[in-house]
Every structure is written in structure tokens, then in C-alpha cells.
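A look at the structure
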Amino acid sequence: MASLGLSEREQAGCRQLLEFLDTEELLALTDTVTNRLVHPENRQEAIHAILVYSQSVEELLRRRKVYRDTIFKYLAAEGIPVPPSSEKHLLIDRVKQYWSGQLAACATVSEDSKPHAESHGERKKSPQDDIRALGEEFCQWYFELLNSQHPLGVKSEETWGPQHFWEDAKMKFCYNTLEKNKEEYVGAEMVSLRLLSLVKEEYLLFHPNLHGSGLKCAMSRHGLVLVAVAGTVHRDNACLGIFEQVFGLISCPLRKNTWKIKVVDLKIVGQNALEPGVQIEKPTIKYESNQLQALYDGKELTESREC
């Protein structure tokens, strides 16, 4: 029987795709997807847990531990031709089209074909769809990497550090538990270390809500991509409250398809300081994407929001 998150066809396809991962990679992905709640004893148990705990195909395939090369190999094995230089999000689009019956195996695809063009009645994607896809992929990467720095976290193959930030990066950190506090940091090293200390020394874990209104994305007229995400903050088995985090991302001109963090605006509110009516189960971003763009367009993120 299909899970609530994946259809039977999607489960079958995901099962085949996951078989391309090594056992060690499968177990690491299981830890990430289930938040270490499930401890499989073999590959099949690991794959079953991953399928059960995944809410959607996109959520699963965008995970850092599902590599671009793995998706490419699966498509090649299924006879779905794609350009070898295709980015990961384009490969995910092809997989979704294939599993929904919009593609036939061994179909011919030219190098210049546009993956977002209308095909078989598919809705043409808008620039805002692409920005949201970028924001979702960034958040998957960011929070998995940051949470992996927790002393008890699942270690990532990637290293946390100032290399993910621009040299003049800025951060504003507001937290409201018993009283309001505000901190500000400048420079890639300082911003990176402060974020790291929240997880490594204060033992916090961040669980973002990447569905619906939990994630809002926009692009300023200067090319700054704004990613706003809400979620819950945890320590051990306790939920401490909610967080809102806004990132300003700028594309790196020297590395294709690489974005680095220019600004960070983090706000944490403890349960005892929440406004009446706030749902802690599914925190949301109050701004619409166009409001987010208008709020920060041409301004410093670190000066825009009140604590």
C-alpha cells in the first residue's frame, strides 16, 4: 500500500533509484530522513524507512545525500536521455515527468531542449517556481549541514565553515525567551562561528517547515535571492520554540551554480514568549514573496526587521 507521501509508482521508482546508493550511504540517508528514529538492519529496511518517512518525491531527491550522479545513473538505466551537464534540479524534473507518465523510455531529447517548456500539457514554470526550488534545495543543504555539527548529529561529508559565506557577510540574531536580546556579527568567520555555536555548544537543532507558507522566496532587482523559512527549535527531546530565518544569497561568479550567503537574519522565539494563536506545529512566514522582495529590495537585511 502506498504511503501518504508517495504514490505506488513513485515508491517503486524511488526504490529502484535508491538501489544505486551504497549501503553506508543508504544508512546515512535513513538517519537524515527519519531523524535517527529508525535503525534498519539491512538495505531493504533502510529503503522502506526512507520511503515511509518521505513526504514527497521532491523532498527526497533534493536531499544532499541523494547525489546528482545517482539520479543521472538511474535515468540512464531507465533509458531516459538527458544532457550529461544537467543540474540536479533539472534531473529531478525529468524523474518526476517519467514517473507521472509524461516521458517514454528511449525518447529522443535534444541538447537544447528546455526542461521547463510546456510538454504533454505540463504547466510552464515561472521564474518564481525556479526561485522557490532554489530556496528549498538551499534550505535542505543548509539545515542538514548545520544540524550535522551537533555533537550527536549525523556527520556530513561536507565541512561547515566561512567558505559558505561572502567575506563581508552580516548577521542579525534576535531571540526572545524571557526577554528580548539582539546580537550582530560582521564577516564570514564571525557569522559562521556564531551559527555553529548554536548547534555545537548550545545543542540546538533546527527543523525547517519547507511546505506551504513555511518557505517564501523572492529575488531583488539587484539579483539578491531572498529565502525566508520558518521552523521549530529543539534541544534533546524538547521543542523550545519557533524560528524565522531569512537568507540573502548571491551567486558566485567563479563557480557555476554556487550560491554563497551574504546576509542572515535569525529570530528565535521561545514557547513562553509566543503570541496567542501561533501554531508551533507548523510555523509560517508572514510575508508573501512580493512583500519580502519589497521589504528588502535595495536595503540591508540586517536593518530591515525588528527583533
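Throughout, residues of each chain are indexed from 1 in the direction in which the sequence is written. Predicted model: local features are reported for residues with pLDDT of at least 70 only, side-chain atom pairs are reported and counted for 80 or more only, and whole-chain, interface and lining totals are derived from all residues. Calculated side-chain values reflect all of the structure's heavy atoms, with hydrogen atoms and water omitted.

Moving on: helix α8 (residues 188-200). Over its 13 residues, α8 runs 18 Å from end to end, which matches the ideal 18 Å to within 8%, given 1.5 Å per residue. Think of it in three bands: with a 1.4 Å probe and only protein chains considered, a residue is buried below 20% of the maximum accessible area for its type, exposed above 50%, and partly exposed in between. For the purposes of this entry, the term helix denotes a DSSP run of H or I that reaches at least four residues, the term strand denotes a run of E that reaches at least two, and both are numbered from the N terminus. Those residues of α8 that sit buried are Ala-188, Val-191, Ser-192, Arg-194, Leu-195, Leu-196, Ser-197, Leu-198 and Val-199. Given the number of residues in a helix, its expected span is that number minus one, multiplied by 1.5 Å.

Within this document, salt bridges are pairs made up of a side-chain nitrogen of Lys or Arg and a carboxyl oxygen of Asp or Glu, the two lying within 4 Å of each other. If you walk through the whole model with that rule in mind, you get eleven salt bridges. For the salt bridge of Asp-69 with Arg-68, the shortest nitrogen-to-oxygen distance reads 2.9 Å. According to the relative accessible area criterion, Asp-69 is partly exposed, its value standing at 47%. For Arg-194, the salt bridge is made with Glu-202, and the minimal N-O distance between the two is 3.1 Å. Each of Glu-58, Arg-62, Lys-96 and Glu-137 takes part in one network of salt bridges that share partners.

For this analysis, a nonpolar core means a set of buried residues of the types Ala, Val, Leu, Ile, Met, Phe, Trp, Tyr and Cys, connected via side-chain atoms within 4.5 Å. Judged by nonpolar contacts, the single largest core of 36 residues is most densely connected at Phe-138, Tyr-142, Phe-165, Leu-195, Phe-206, Val-227 and Phe-247. Counting residues per element, the ones that place at least two in this core are α7 (127-147), β1 (165-176), α8, β4 (215-219), β5 (225-235), β6 (238-251) and β7 (259-270). The next biggest cluster of nonpolar side chains, apart from the first, holds 26 residues, and it includes Leu-18, Leu-26, Ile-50 and Ile-80.

What follows covers unusual backbone geometry. For Tyr-203, which is not glycine, the phi torsion reads 60° and is therefore positive. Position of Tyr-203 relative to the elements: it lies in the loop between α8 and β3 (205-209). Tyr-203 sits in the partly exposed class, given a relative accessible area of 41%. One non-glycine residue with positive phi stands out, namely Asp-236, at about 55°. Here Asp-236 lies in the loop between β5 and β6.

Take the environment of Thr-177 next. By the element assignment, Thr-177 lies in the loop between β1 and β2 (180-186). A relative accessible area of 40% means that Thr-177 is categorised as partly exposed. On a C-alpha basis, the gap between Thr-177 and Gln-271 in space is 7.6 Å, while along the polypeptide they are 94 residues apart.

The next point concerns the confidence of the model for the protein chain. What pLDDT conveys is the predictor's confidence in a given residue, as a value from 0 to 100. The predicted model of the protein chain averages 81 in pLDDT, with 80% of residues at 70 or higher. The secondary structure element of the protein chain with the lowest average pLDDT is helix α9 (residues 289-296), at 65, and the one with the highest is α8, at 96. Every residue pair with non-hydrogen atoms within 4.5 Å of one another is taken to be in contact. Taken together, the stretch residues 106-126 has pLDDT below 50 and engages in 25 contacts with residues farther than four places along the chain or on a different chain. Taken as a whole, residues 298-304 scores under 50 in pLDDT and shows 17 contacts with residues more than four places along the chain or in a different chain.

Summarising the element assignment, Ala-133 is placed in helix α7. Assessed through its relative accessible area of 15%, Ala-133 is described here as buried. Remark: the alpha-carbon pair of Ala-133 and Glu-58, spanning 75 residues in sequence, is separated by 9.4 Å.

For any two helices packed against each other, the geometry comes down to the angle between their axes and how far apart the axes lie. It is the contact of helix α5 (residues 68-77) with helix α6 (residues 88-99), at a shortest axis distance of 10 Å, that shows an interaxial angle of 35°. Here α5 and α6 pass one another in a crossing that is left-handed. Contacts between α5 and α6 involve Arg-68, Ile-71, Phe-72, Tyr-74 and Leu-75 from the first element and Lys-88, Leu-91, Ile-92, Arg-94, Val-95, Tyr-98 and Trp-99 from the second. Amino acids outside the nonpolar list (Ala, Val, Leu, Ile, Met, Phe, Trp, Tyr, Cys, Pro) and the charged list (Asp, Glu, Lys, Arg) are all regarded as polar, and Gly is one of them. Taken together, the residues of the contact of α5 with α6 break down into nine nonpolar, no polar and three charged. Each axis is a line fitted through C-alpha atoms, and for a helix only the stretch in contact is used; angles between axes span 0 to 180 degrees, taken between their N-to-C directions. In this scheme the handedness of a crossing depends on how the near helix is turned from the far one: anticlockwise by less than a right angle means left-handed, clockwise means right-handed.

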